[in-house]
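So the chains spell out like this:
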Amino acid sequence: MKTIIFGEHEEDTIRQFHQCLQVGQVVGGALCADGHYGYSQPVGGVVVYDNQISPSGVGYDIACGNKAVKTDLLYTDIKDAMPKIMDEIQKNIIFGFGKKNPNPPDHALFDDDAWNVYKEIGKHEHDTLKALARTQLGTTGSGNHYVDILIDQKTDEVWVANHFGSRGLGHRTATGFLNLANGRDFSDRPKGEAMETPPTIFHLDSEFGSMYFEAMNLAGKYAYAGRDYVIDVVLHILQANSIDEVHNHHNFAWKETHFGNEYVVVRKGATPAFPGQRGFVGGSMGDISVILEGVHSSKSEEAFYSTVHGSGRIMSRTQAAGKMNWKTRKRRGGIISEKDMLMAVRDYGVELRGAGTDESPFVYRKLQEVLHAHEETINILHVLKPIGVLMATD
């Protein structure tokens, strides 16, 4: 079995990674330097299977990923207008758990025959999921999902980037197939799974395995469509054109050839980085982001051509922001104050909209540190500094 661990990790993360390697027909794995404890499989974890797939490994936010676009603008073109620009973006991009788009775009994706996979489960499930997907297309999630405006530190070129996945479609798809694997009905709403839940495994040529793989790929197309839509809205507000694009998932499973054999590579919070393949990796709201590309090396091969997807949390949401009282809609007990967060972001030169202290710069590693741990496997093509960040409100 081929495995590699990049960087330093907490004991729980390492233990969880090794537990994943013991379940199913695993041929190898990698733990990226931004890794941290997650549901069933650590975030930043890569597990490689022979003819199997793990819906718990892919996770609930199927096809979460990033899109980054280089525009034809320079920083001087927008510098003085940044407050107004961020206000306009906030008005036009919908953030938040369960939120819907009041004017959802029509998209050819909804004519895709892949939707028929849900008919095999039941007409109600098909109709409900497709209707939900229609109403949420073009919306962005909560938590660490964002829309950024950034500048290239060498050229002052303006980039636009975003980070989110397949919204309710992905979450309900993951929940549904995990239900089926545990003998429940697809549409059941379990109270929640323990973080230490062992990996759920489907053989790829089994009924549930083949259905999940098809549904996962549909969610991937949906996530691409959503990120495309949001970037286009921002470009319209900026009155800018796209002259280069980088777009990738980091919560997904791919059929790939490694060491002469085809395997299923499950990446949870890990970016594919084959030689020459580019990816956008965002830091915190008070840190750099980068465009990187994979390179060929023995370390790259051992990592199954995978790299970081972000800088990686070092503090839980509850530690940072406190525990939420859902009756009062207020948090108590957090160690990061809103004043400290706003001061840090302002000092870094970012025009911030939304975001809670659980997403402040203090809760993340420095991106440069995790990138350094992956040297010999990636090249950094562009170093980008955020000047505008939009996230969901707390």
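The protein has the name 3'-phosphate/5'-hydroxy nucleic acid ligase in an unreviewed UniProt entry, where Candidatus Pseudogracilibacillus intestinigallinarum is given as its organism. What the UniProt record of the protein gives under Catalytic activity (unreviewed entry) is the line "a 3'-end 3'-phospho-ribonucleotide-RNA + a 5'-end dephospho-ribonucleoside-RNA + GTP = a ribonucleotidyl-ribonucleotide-RNA + GMP + diphosphate".

Student: What am I meant to see in the overall build of the protein here?
Tutor: The helix and strand tally for the protein stands at 12 helices and 21 strands. Counting only C-alpha atoms, the protein reaches 55 × 50 × 45 Å along its principal axes. When burial is assessed residue by residue, the protein has 56% of its 394 residues classed as buried. Within the protein, counting contacts between residues at least 6 apart in sequence, those at least 24 apart form 74% of the total. Looking at the protein as shown, the accessible area adds up to about 17,000 Å², and 48% of this sits on carbon and sulfur atoms. Here the protein contributes 40 positive and 50 negative side-chain charges, whose respective centroids are spaced 8 Å apart.

Student: Explain the UniProt feature "binding site: GMP" (unreviewed entry) in the protein to me, please; I cannot follow it from the model alone.
Tutor: Per the UniProt entry, the sites bearing "binding site: GMP" (unreviewed entry) are His 250, Asn 251, Gly 282, Gly 283, Ser 284, Met 285, Ser 289, His 309, Gly 310, Ser 311 and Gly 312 in this numbering. A residue is classified by how much of its surface remains accessible, and Met 285, at 4% relative accessible area, is buried. For Met 285, the contacting residues outside a window of four places in its chain are Val 345, Tyr 348, Val 350, Leu 352, Ala 355, Glu 359, Ser 360, Pro 361, Pro 386, Val 389 and Met 391. Tracing the chain through its elements places His 309 in the loop between β17 (306–308) and α10 (317–321). Excluding anything up to four places from it in sequence, His 309 contacts Asp 34, Val 43, Asn 66, His 250, Gly 269, Ala 270, Thr 271, Val 281 and Gly 282.

Student: Just to check I follow, could you spell out unusual backbone geometry for this structure?
Tutor: A negative phi angle is the norm for most residues apart from glycine, just as the trans form is the norm for most peptide bonds. Phi at Asn 51 is positive, roughly 60 degrees, even though this residue is not glycine. Taking the relative accessible area as the measure of exposure, Asn 51 reaches 31% and is therefore partly exposed. Phi at Ala 355 is positive, roughly 80 degrees, even though this residue is not glycine. In this fold, Ala 355 is placed in the loop between β20 (351–353) and α12 (367–373). Judged by relative accessible area, Ala 355 falls into the buried class, the value being 12%.

Student: Could you clarify how one ought to interpret the UniProt feature "binding site: Mn(2+) 2" (unreviewed entry) in the protein in this entry?
Tutor: UniProt annotation of "binding site: Mn(2+) 2" (unreviewed entry) refers to His 163 and His 250 when read in the numbering used here. Taking the farthest pair of C-alpha atoms as the criterion, the annotated set spanning 88 residues converges on one region, since that pair is 10.1 Å apart. The residue His 163 is located in strand β9 (residues 157–164) in this model. Taking relative accessible area as the criterion, His 163 reaches 5% and is therefore assigned buried. When sequence neighbours within four positions are dropped, the list of residues in contact with His 163 reads Cys 64, Gly 65, Asn 66, Thr 140, Asn 144, His 145, Tyr 146 and His 250. There is a polar contact of 3.0 Å between the side chain of His 163 and the backbone oxygen of Asn 144. Structurally, the position occupied by His 250 is in the loop between β11 (242–249) and β12 (251–258). Discounting residues that sit within four places of it in the chain, His 250 has contacts with Cys 64, Gly 65, Asn 66, His 163, Arg 267, Lys 268, Gly 269, Ala 270, Thr 271 and His 309. At 3.2 Å, the side chain of His 250 forms a polar contact with the side chain of Asn 66.

Student: What is the right way to look at the environment of Gly 141 in this model?
Tutor: Counting through the fold element by element, Gly 141 comes out in the loop between β7 (139–140) and β8 (146–152). Relative accessible area serves as the criterion here: at 2%, Gly 141 is assigned to the buried category. In the structure, Gly 141 is positioned 124 residues away from Val 265 in sequence and 25 Å away in space, judged by C-alpha atoms.

Student: How should I be thinking about helix α8 (residues 207–238) in this particular structure?
Tutor: Three- or four-residue spacings in an α-helix give side chains the same orientation, since the helix completes a turn every 3.6 residues. Here α8 contains 32 residues, and its C-alpha end-to-end distance of 47 Å stays within 8% of the 46 Å for a straight helix at 1.5 Å per residue. In the segment just after α8, Gln 239 is the residue with positive phi, at about 55 degrees.

Student: What should I look at first to understand the packing of helix α6 (residues 123–136) against helix α7 (residues 167–181) in this one?
Tutor: The axes of two packed helices give the description: the angle between them and the distance between them. Running from amino to carboxyl end, α6 crosses α7 at an angle of 150 degrees, the nearest separation of the two axes being 7 Å. With respect to α7, the element α6 is oriented roughly antiparallel. Contact residues: α6 offers Thr 128, Leu 129, Leu 132, Ala 133 and Gln 136, while α7 offers Arg 167, Gly 168, Leu 169, Arg 172 and Thr 173. Residue classes in the contact of α6 with α7 are distributed as four nonpolar, four polar and two charged.

Reading the values: rules and limits
Residues numbered from 1 in each chain as written. Predicted model: local features only at pLDDT ≥ 70, side-chain atom pairs only at ≥ 80, totals over all residues. Heavy atoms only, no water. UniProt positions renumbered as here; feature names shortened; annotations may be inferred. Helix = DSSP H or I, 4+ residues; strand = E, 2+ residues; numbered from the N terminus. Buried < 20%, exposed > 50% of the residue type's maximum accessible area, 1.4 Å probe, protein only. Contact = heavy atoms within 4.5 Å. Areas by Shrake-Rupley, 256 points an atom, 1.4 Å probe, with all protein chains shown as cover. Lys, Arg positive; Asp, Glu negative; His and termini not counted. Charge placed at Lys NZ, Arg CZ, Asp CG, Glu CD. Polar contact = N/O pair within 3.5 Å; in protein donor to acceptor, adjacent residues only side chain to side chain. Expected span 1.5 Å × (residues − 1). Axes fitted to C-alpha atoms, helices over the stretch in contact; angles between N-to-C directions. Parallel < 35°, antiparallel > 145°, perpendicular 65-115°, else oblique. Nonpolar A, V, L, I, M, F, W, Y, C, P; charged D, E, K, R; others polar.

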